[in-house]
Every structure is written in C-alpha cells, then in structure tokens.
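# Remarks on the overall topology
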Amino acid sequence: MTHKQKQLIQKLIDTRSLTTEEYTQLIQAQDTKMRAYLAGIARKIADQVYGKTVFIRGLIEISNICKNDCLYCGIRAGNKDCMRYRLTPDEILTCIHEGYRLGFRTFVMQGGEDAWFTDAILCDLLKTIKKQYPDCAVTLSLGERGEESYRNLRMAGADRYLLRHETADKPHYQQLHPKEMSFDTRMDCLQSLKQLGYQVGCGFMVQSPYQTAEHIAKDLKFIETFQPDMCGIGPFIPHKDTPFYNQMAGTLEMTCFLLSIVRIIHPYVLLPATTALGSIDAQGREKGVLSGANVVMPNLSPANVRDKYMLYNNKLSSGPEAAQNLQELKQRMAAIGYEVVVARGDVKR
Ligand code: SAH
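Anyway, here's the lowdown on the structure attached to this text. (Residues numbered from 1 in each chain as written. Predicted model: local features only at pLDDT ≥ 70, side-chain atom pairs only at ≥ 80, totals over all residues. Heavy atoms only, no water.)

Here we come to the overall build of the protein chain. Broken down by element type, the protein chain carries 13 helices and nine strands. At 19 Å, the protein chain has a C-alpha radius of gyration in line with the 20 Å of a compact globule built from 349 residues. Its C-alpha atoms give the protein chain principal-axis dimensions of roughly 60 × 45 × 35 Å. With 349 residues in all, the protein chain has 60% of them scored as buried. Across the protein chain, contacts joining residues at least 24 apart in sequence account for 75% of those joining residues at least 6 apart. Per element, the accessible surface of the protein chain, about 14,000 Å² overall, is 53% carbon and sulfur. Side-chain charges of the protein chain comprise 43 positive and 38 negative groups, with the mean position of each set lying 4 Å from the other. (Helix = DSSP H or I, 4+ residues; strand = E, 2+ residues; numbered from the N terminus. Rg over C-alpha atoms; globule rule 2.2 N^0.38 Å. Buried < 20%, exposed > 50% of the residue type's maximum accessible area, 1.4 Å probe, protein only. Contact = heavy atoms within 4.5 Å. Areas by Shrake-Rupley, 256 points an atom, 1.4 Å probe, with all protein chains shown as cover. Lys, Arg positive; Asp, Glu negative; His and termini not counted. Charge placed at Lys NZ, Arg CZ, Asp CG, Glu CD.)

Structure (structure tokens):
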C-alpha cells in the first residue's frame, strides 16, 4: 500500500468517515493486501461489539407476486416465466413454528409488493405471532408502503424493517428501476421507518449494472449518515429472464471489501453474510463473516416454494442455506471460530 493509501485507511479507522472522493479513491485502489488488512480490522471491531457470535434469522418468502418491475429482479412483474405463489397466514405460522423449534428467535417475512397482504391481514398475523412467540423479533421486508401502513404494522408488533436503498445515486436508481419508481419515495420510506421506531435496514447490490466507484462511495456516505441498524450488501447476480440477463455478476472480493468498510464506519450494524454472497462462492458466508458480517439468514420457506423465489440465477436455498440444516451451518461457523446463537439478536446501541 502506498503512503497515501495507508493515511486514508488510518483516517477511516480513526474517524469512521471519509469524504465521497476519499471513498472513491479507496475503492479504486483496493488490492488483496488492503482487503485482508481491512477485513482483520473489521472483524476485530465486530468481535468487540458482538463477540465471536453469529445471529441467525429465519427467512420466510411469503409471496413472489410483485407489482414492480425492477430491472434486476427475477420476480419482477414483467417476468411471465415466473411461477407465482403466495403463502397463507396459516402456512407462514407453520414455518414460524418449525423455525422456533429449530432455534430461530427472529423471523423475516419478505416478499414482492403483493397487494393481497393488506394491513388488516398483516396486522392480524403479526399479533398472532407476537402472542404465540413473545420472545421473538419480527422483521418485515415487503417493499414500499405508505407511512400509515408502516405505522399500523409497527403498532401490531413488527420490530424491524428491511428496505434496501439499492443505490444512493438518483440517476443510477433510475437506471435500475422503471420510471414508475422513484428514488425520493424510497428515501422517504426509509426515513418514515426510522421515525416510527423500527430497527431499519438499508443496503445495496454490489456491482449492479452501471455502478461506478463513485456510486459505491455515495452508498457508503449514505450508510455513514443514515446510520441504519442493519445493512444488506450482496453481489448483483443476473437473472436469465430480466433485461440484465447478460450483465456480469458482482464479485466476492468487492463484496467482502465493502462489508469490512461498513463494519469499520458503523461498528454496531447488524450485517448479514447474504444468500447472494453464499450463491457466488461455496465459502461465501464464511468469508463474509471473516470480513465483518455477523448475521446469516437461512431459508425457512416451505420446501415446495423455495425454488420459486428466484431473485437471480442459481439462488441457494439448500445445504446450510436451508433452516433445516442448521447443524451444517453451525459446524461451518464453528470451523472459523464462530458460534451460532439462539437469540433475538437486536442491534446494540
Ligand atoms: N420487495 C422487497 C424485497 C425485494 S427482494 C423490497 O422491495 O424490499 C430483496 C432484495 O434482493 C432486493 O432489495 C435486492 O437488493 C435483492 N435482489 C433482487 N434482485 C437481485 C439480483 N438479481 N441480484 C442480487 N440481488 C438482488
């Protein structure tokens, strides 16, 4: 590393902040050595805050029906080759029951923007879950809804909400989404969620089409200022039935590098080693954890719908990615010195 690069990294560690220009320089200058160095520091910080533990979340993909047409996403409305499904509240409760037995204490309900899931239906479901499992946290990841809806869901018991900002650059946001979708709406949603007292997660795809180092620098700056409780960062992976079918996937190296930076600038963040990272590399989850991640989200959806929530090509849902194979995940984490714990795993403040 050059003297200038070392200075930048020292500033990053000391102040947990760089200018957008400095982030851009760092991203452009990264090499194997720098990545390993930052991963070591990020891991040490995560160990200090959360110990040598990994939190697990049971991910239930409640519907792949979606009104949106995000250009990158395999379940976009325009994909006529996607076999659609929707779980009933009873099916969701069965997943949660199974998950609780397996040791999960956080359940994430994720889905496309499916109008069938009205506030009334979701609030009923949330109240039932919270009554049956008062020691569990419930996370929603159901896209953009109005502030009133977010308030209703929060009052009914939702603890956390994941809504990736996808990119912090407005023109880039427009390149990834149809014109009906707006960057400002997404940002407004994130602000409302925060004001309503949710633990909020933002995040972005790594090396999505048209993404530049400057765009990533803006994502880091956004994370620095928004201070999310959770942050989902995974590689973009093309899906064969989308307009981005022939674009390149993001890399393991770049994703792990960014996980490390996010951990350094935001020590308390709950940072998953994502399914997408596990999907591009057999050791992706382990490498994510060793770069500063502290959350893994195994799949708890019913077996017969798992291959239908296909956001990108070859999305993993078996092996250690399946909640039923928790034992394998535990062993893999133990092999790198980390313990999977039975806990809600709230953000530390
Ligand atoms: N409808 C919800 C959930 C979307 S799917 C919402 O809008 O939040 C969850 C995340 O998967 C998205 O936020 C996106 O960042 C990621 N994703 C979608 N397609 C992807 C792809 N092709 N490669 C990698 N990640 C993708």
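Scanning the entire structure with this criterion turns up nine aromatic pairs. Consider the rings of Y161 and Y198, whose centres lie 5.8 Å apart with planes at 85°: the pair is edge-to-face. Of the two residues, Y161 is situated in strand β5 (residues 160-162) and Y198 in the loop between α8 (183-195) and β6 (199-206); the sequence distance between them amounts to 37 residues. Taking the relative accessible area as the measure of exposure, Y161 reaches 0% and is therefore buried. The class for Y198 is buried, based on a relative accessible area of 3%. With centroids separated by 6.2 Å and ring planes inclined at 75°, the aromatic side chains of Y210 and F244 adopt a geometry described as edge-to-face. Taken together, the residues Y210 in the loop between β6 and α9 (213-226) and F244 in the loop between β7 (230-235) and α10 (252-265) connect sequence positions 34 residues apart. For F244, a relative accessible area of 3% gives the class buried. A network of ring pairs unites the aromatic residues Y150, Y161 and Y198 as a single cluster. (Phe/Tyr/Trp six-rings, centres within 6.5 Å; stacked < 30°, edge-to-face > 60°.)

Another aspect to go through is the site of the ligand. For the ligand, the set of nearby residues contains 18 residues, the closest of which are Y72, G111, R164, E166 and I237. Within the backbone of G111, an N or O atom sits 2.9 Å from a nitrogen atom of the ligand. A distance of 2.5 Å is found between an oxygen atom of the ligand and a side-chain nitrogen or oxygen belonging to E166. Coverage of the ligand by the protein amounts to 92% of the 550 Å² it exposes when considered alone. When its residues are assigned to classes, the shell around the ligand shows ten nonpolar, five polar and three charged. (Near = heavy atom within 4 Å. Polar contact = N/O pair within 3.5 Å; in protein donor to acceptor, adjacent residues only side chain to side chain. Nonpolar A, V, L, I, M, F, W, Y, C, P; charged D, E, K, R; others polar.)

Two packed helices can be described by the angle between their axes and the distance between those axes. For the pair α9 and α10, the least separation of the axes is 10 Å and the interaxial angle reads 30°. Comparing the axis directions of α9 and α10 gives the class roughly parallel. Viewed along their axes, α9 and α10 form a crossing whose handedness is right-handed. Residue-level inspection shows I216, L220, I223 and E224 of α9 in contact with α10, the latter providing M254, L258, I261, V262 and I265. (Axes fitted to C-alpha atoms, helices over the stretch in contact; angles between N-to-C directions. Parallel < 35°, antiparallel > 145°, perpendicular 65-115°, else oblique. Left-handed = near helix turned anticlockwise from the far one by under 90°.)

Here we take up the pattern of salt bridges. Summed over the entire model, instances satisfying the criterion amount to 27 salt bridges. A salt bridge links R151 to E147, with the shortest nitrogen-to-oxygen separation between them at 3.3 Å. One end of the pair, R151, and the other, E147, are both in helix α6 (residues 147-155), four residues apart, so they sit about a helical turn from each other. Since its relative accessible area comes to 30%, R151 is described here as partly exposed. (Salt bridge = Lys/Arg side-chain N within 4 Å of Asp/Glu carboxyl O.)

Moving on to the pairing of strand β1 (residues 53-56). Burial along β1 is two-sided: T53 and F55 facing one way and V54 and I56 facing the other are all buried. Of the pairings in the sheet, the one linking β1 to strand β9 (residues 339-341) comprises three bridges and is parallel in character. If you follow V54 over to β9, its bridge partner there is V340. (Pairing = 2+ DSSP bridges.)

So, on to α9. Under the 1.5 Å per step criterion, the end-to-end length of α9 is 20 Å for 14 residues, consistent within 8% with the ideal 20 Å. Counting buried positions along α9 gives ten out of 14 residues, so the element sits mostly inside the fold. Within the span of α9, buried status applies to A213, H215, I216, A217, D219, L220, F222, I223, E224 and F226. Structurally, α9 contributes buried residues whose contacts are with α2 (20-29), α7 (170-176), α8, β6, β7 and α10. Positive phi shows up at Q227, right after α9, with a value of about 50°. (Expected span 1.5 Å × (residues − 1).)

Moving on, we get to the sheet that holds strand β8 (residues 295-296). The three strands are arranged β8-β1-β9 in an open sheet whose pairing can be described as parallel. With partners counted over all chains shown, the strands left at the sheet margins are β8 and β9, one partner each. As judged from the two bridges shared by β1 and β8, these two strands associate in the parallel manner. Across the sheet, the residue bridging to F55 is V295, located in β8.

Viewed as axis vectors pointing N to C, helix α4 (residues 89-102) and helix α5 (residues 119-132) meet at an angle of 25°, and their least axial separation amounts to 11 Å. With respect to α5, the element α4 is oriented roughly parallel. For the element pair α4 and α5, the recorded crossing hand is right-handed. Residues P89, I92, L93 and I96 of α4 form the contact with α5, whose own contacting residues are I121, L125, T128, I129 and Q132.

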